[in-house]
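Residue strings, one per chain:
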Amino acid sequence: MTETVILGVIGSDAHVVGITILEQALEAAGFDVVNLGVQSSQEEFVEAASANDAEAVLVSSLYGHAKQDCEGFHQRIADSDLEVTTYIGGNLAVGQDDFEQTRKTFREMGFDRVFDSETDPEEAIEALKADLDVRPPESEREGRTVSV
Ligand code: B12
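Residues numbered from 1 in each chain as written. Predicted model: local features only at pLDDT ≥ 70, side-chain atom pairs only at ≥ 80, totals over all residues.

A.B. asks: Summarise the site of the ligand; cite the residues concerned and give the values.
C.D. replies: Contacts to the ligand come from 26 residues, most closely from Val 17, Gly 18, Ser 60, Gly 64 and Gly 89. Those elements giving two or more residues to the shell around the ligand turn out to be helix H1 (17–28), strand S3 (56–61), strand S4 (85–90) and helix H6 (121–131). The residue makeup of the shell around the ligand, split by class, is 14 nonpolar, eleven polar and one charged. (Near = placed C-beta within 6 Å. Helix = DSSP H or I, 4+ residues; strand = E, 2+ residues; numbered from the N terminus. Nonpolar A, V, L, I, M, F, W, Y, C, P; charged D, E, K, R; others polar.)

And the structure:
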């Protein structure tokens, strides 16, 4: 499997621990990860996705300003003719908002999936595998019973 994923913390946000854990979990699951680190601009995400022919872009935001930082992000992606799956996760709103409302807001902004700060990295990995149609290598499929 060689799916490439761009990962980073958007805007002026400097919270690094979450993406470090995500990076390790994604790599252990077999993804190629380009970690842009903290305080990454929309432009840096788009350029990295384009330069690395990425399948997915994972945006992290913890400090409560994700909505402002992501305004116009999907327009920028479309303008670059990129076809990527986009996820966002973390503490996306200020304070203890109703997460279903937060999810709705970011889905309307164009993100394919929206995750809260309680998300286990494995949850995001399973979602990515499903969205990118990642199948286990043939060697791991051997011996499985296939029912028709
Ligand atoms: C450590 C910390 C800091 C450190 C960061 C050090 C560093 N370099 O990383 C310091 C002290 C610098 C800091 C600063 C600030 N912080 Co701070 N910080 C925290 C704290 C205590 C822990 C964050 C952390 O590392 N968690 C551990 C990791 C493993 O969890 P995580 O980051 O949530 O990531 C997981 C999930 O969220 C999820 N996830 C994250 N991103 C994504 C993306 C995708 C696609 C997916 C699928 C999943 C996913 O998966 C990750 C792994 O499991 C949190 C409170 C908390 N308990 O969460 C506040 C917190 C995030 N900080 C907060 C704030 C307000 C700030 C400041 C604005 C404070 C200030 N006024 O200066 C500044 C912002 C500075 C900046 N420019 O970013 C608030 C945000 C409030 C909000 N969103 O409503 C929090 C929630 C504290 C609070 N309760 O008020 N902070």
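From this point, the narrative continues.
A.B. asks: Summarise the sheet that holds S4; cite the residues concerned and give the values.
C.D. replies: Overall, parallel pairing links the five strands, which are arranged S2-S1-S3-S4-S5 in an open sheet. A strand with exactly one partner marks an edge of an open sheet, and here the two such strands are strand S2 (32–40) and strand S5 (113–115). For this sheet the average axis-to-axis angle between neighbouring strands, irrespective of direction, equals 15°. Where S4 meets S5, three bridges bridge the pair, whose relative direction is parallel. Paired with Gly 89 across the two strands is Phe 115, which belongs to S5. Against the sheet, H1 engages strand S1 (4–10), S2, S3 and S4, with an angle of about 175° to S1. Contacts from helix H2 (residues 42–51) reach S1, S2 and S3 within the one sheet, and its direction differs from that of S2 by about 165°. (Pairing = 2+ DSSP bridges. Axes fitted to C-alpha atoms, helices over the stretch in contact; angles between N-to-C directions. Contact = placed C-beta atoms within 7 Å.)

A.B. asks: Give me the nonpolar core: which residues, what numbers.
C.D. replies: It is characteristic of soluble globular proteins that their nonpolar side chains tend to be buried jointly. Membership of the largest hydrophobic core comes to 32 residues, with the highest contact counts inside it found for Val 5, Ile 6, Val 57, Leu 58 and Ile 88. If you tally residues by element for this core, the top one is S1, at five residues. Setting aside its immediate chain neighbours within four residues, Leu 58 contacts Val 5, Ile 6, Leu 7, Leu 22 and Tyr 87. (Core = buried A, V, L, I, M, F, W, Y, C linked by C-beta atoms within 7 Å. Buried ≥ 20, exposed ≤ 12 C-beta atoms within 10 Å, placed from the backbone.)

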